[in-house]
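What the coordinates show
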Amino acid sequence: MHNIRKIDTDLIYVGASDRRLALFENIYPIPNGVSYNSYVLLDEKTVLMDTADTSVAHRFFENVAAALDGRPLDYLVINHMEPDHCALIEDILLRYPDLTIVTSAKALGMIKQFFTTDVEGRTQVVAEGDTLCTGRHTLQFVMAPMVHWPEVMVTYDTTGGVLFSADAFGTFGAINGNLFADELDFDRDCLDEARRYYTNIVGKYGAQVQALLKKASALDIKMICPLHGPVWRKDFGYFIGKYDIWSRYEPETTGVMIAYGSIYGNTENVADILAAKLAEKGVRDIAMYDVSKTDVSYLVSSAFQFSHIVLASSTYNNGIFTPMENFLLDIKAHALQNRTLAVVENGSWAPQSGKLIRSILETMKNMQVLGENLTLKSCLKDCQMNDLETLAETIANDIK
């Protein structure tokens with residue numbers, strides 16, 4: 001049986017969710033699943049906006065058929081060629097052989113990379129500002145390269161004010177009945193997963209996101225239909241504002257993220273004491289993570305969120321404790337910048353992690369390190385409590 005949702009007078013949701021998949025892109029944990037969104041526009045000509053992942057193929061095809069209700073499919077608009085959205089192109093062509101694929105030139109090249117089906121004579125290549133009239137509706141195409149692949153475009157329905165935003169404005173998590181963001185407690189239930197989605201999937205491409213936001217500001221947007229997560233029909237300025245903050249690499253929360261890498265618990269103990277001292281000094285927003293047991297995607301998301309970051313790491317094989325090093329290399333790869341940091345190092349015979357952490361931070365943009373490293377040899381001593389107090393005071397004053 002089909003499961004379609006009417007979004008607007010002529011617009012129907014035909015996507016589906018996968019709650020079995022453990023890792024998105026085979027790397028990011030998705031404990032709440034993920035949705036693969038697709039939309040059918042019913043006009044004088046019918047339009048399908050993107051396809052879906054093979055994992056939901058059966059439900060997707062049932063939904064498309066139900067939405068069309070016996071009508072032919074005239075156009076398939078491909079906004080993004082990543083396989084979780086384009087995997088079913090060949091199958092759609094088999095079911096609706098008379099359709100025309102509408103997409104960018106780079107996406108057409110990728111269709112030929114992914115598939116062997118001959119699409120010559122069955123495509124319409126569009127560029128920036130091109131339009132397609134389907135009857136009552138006119139679709140305008142806006143190029144969005146590197147948000148987050150080079151072929152990406154978004155489609156704007158000038159009649160309904162609907163922005164089909166590709167992977168922009170997406171969120172991890174299945175659709176559990178409530179399709180619209182305003183039907184959810186988004187801050188409580190979705191914001192963390194929206195941030196984790198953005199920072200890990202799109203985070204490296206802040207400049208390109210800013211370019212898209214500038215283009216979007218010129219459009220009279222009344223609804224945002226992303227390829228993952230809920231549809232926005234109210235208060236979408238709030239979510240656009242989040243994207244603006246994240247893509248400018250500005251802190252979302254004035255507070256402290258403490259990431260520690262501890263082998264036998266001594267470095268963890270220092271992190272715990274520091275967190276308590278920060279709280280005593282009035283710092284309200286504190287997040288603590290063991291880098292050995294926390295998936296790095298959550299660490300990256302938190303690093304994007306907080307204004308201040310404490311890196312407390314053991315020395316391992318005369319280097320940075322491996323999980324901490326992986327975290328640092330990941331935030332560097334995602335272009336994190338404009339943060340204030342403090343470094344705590346530990347080592348039983350030759351503490352080296354602090355120096356090496358700083359060497360990585362020096363290759364990143366606008367990363368300010370407060371003071372000198374706090375250096376431990378095996379564990380914190382009573383004589384170092386004043387140094388830890390000073391570090392907490394320095395961080396708290398900087399936040400204030």
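Here we look at the overall build of the protein
Helix and strand counts for the protein stand at 13 helices and 23 strands. Out of the 400 residues belonging to the protein, those deemed buried represent 56%. A fraction of 72% describes how many contacts in the protein between residues 6 or more apart in sequence connect residues 24 or more apart. Total accessible area on the protein stands at roughly 16,800 Å², and carbon and sulfur atoms take up 48% of it.

Quick notes on the environment of Thr 199
Position of Thr 199 relative to the elements: it lies in helix H6 (residues 191-202). A distance of 3.4 Å separates a polar atom in the side chain of Thr 199 from the backbone oxygen of Arg 196.

Thoughts on unusual backbone geometry
For the bond running from Val 147 to His 148, omega is 5°, close enough to zero to count as cis. In this structure, Ala 166 is a non-glycine residue whose phi angle is positive, near 55°. You can see Ala 166 is positioned in the loop between strand S15 (162-164) and helix H5 (186-189). What makes Ala 166 buried here is its relative accessible area of 2%.

What to know about the sheet that holds strand S13 (residues 138-143)
Sheet architecture is open: 5 strands sit in the order S12-S13-S14-S15-S16, paired in mixed fashion. Among the strands making up the open sheet, the edge pair consists of strand S12 (131-133) and strand S16 (223-225). Averaged over all neighbouring strand pairs, the angle between strand axes comes to 20°, with direction disregarded.

Structural notes on the packing of helix H10 (residues 296-305) against helix H11 (residues 322-333)
Contact geometry of H10 with H11 gives a least axis separation of 10 Å together with a crossing angle of 55°. When the interaxial angle is binned, H10 and H11 end up oblique. The two elements H10 and H11 cross, and the hand of that crossing is right-handed. Contact residues: Val 296, Leu 299, Val 300 and Ala 303 in H10; Asn 326, Phe 327, Asp 330 and Ile 331 in H11.

Conventions adopted
Here the residue numbers are simple positions, counted from 1 along each chain's written sequence. Given that this is a predicted model, residues contribute local features only at a pLDDT of at least 70 and side-chain atom pairs are listed and counted only at 80 or more, while totals for whole chains, interfaces and linings are drawn from all residues. As a rule here, side-chain values come from all non-hydrogen atoms in the structure, and water together with hydrogens is ignored. Comment: elements are numbered from the N terminus, with helices defined as DSSP H or I runs of at least four residues and strands as E runs of at least two. Whether a residue is buried, partly exposed or exposed follows from its accessible area with a 1.4 Å probe, protein chains only, as a fraction of its type maximum: under 20%, in between, or over 50%, in that order. Here, two residues are considered to be in contact whenever any of their heavy atoms come within 4.5 Å of each other. The accessible surface values rely on the Shrake-Rupley method and a 1.4 Å probe; as for residues, cover is taken only from the protein chains in view. Throughout this description, a polar contact denotes any pair of N or O atoms lying within 3.5 Å of each other; where both atoms belong to protein, one of them has to be capable of donating a hydrogen while the other can accept it, and for residues adjacent in sequence the pair is counted only when both atoms sit in side chains. Two strands make a pair as long as DSSP finds a minimum of two bridges between them. A fitted line through C-alpha atoms represents every axis, and for helices the fit uses only the stretch in contact; the resulting angles, taken between N-to-C directions, go from 0 to 180 degrees. Any angle between 65 and 115 degrees counts as roughly perpendicular, while under 35 counts as roughly parallel, over 145 as roughly antiparallel, and the rest as oblique. For a crossing to be left-handed, the near helix must be turned anticlockwise from the far one by less than a right angle; the clockwise case is right-handed.

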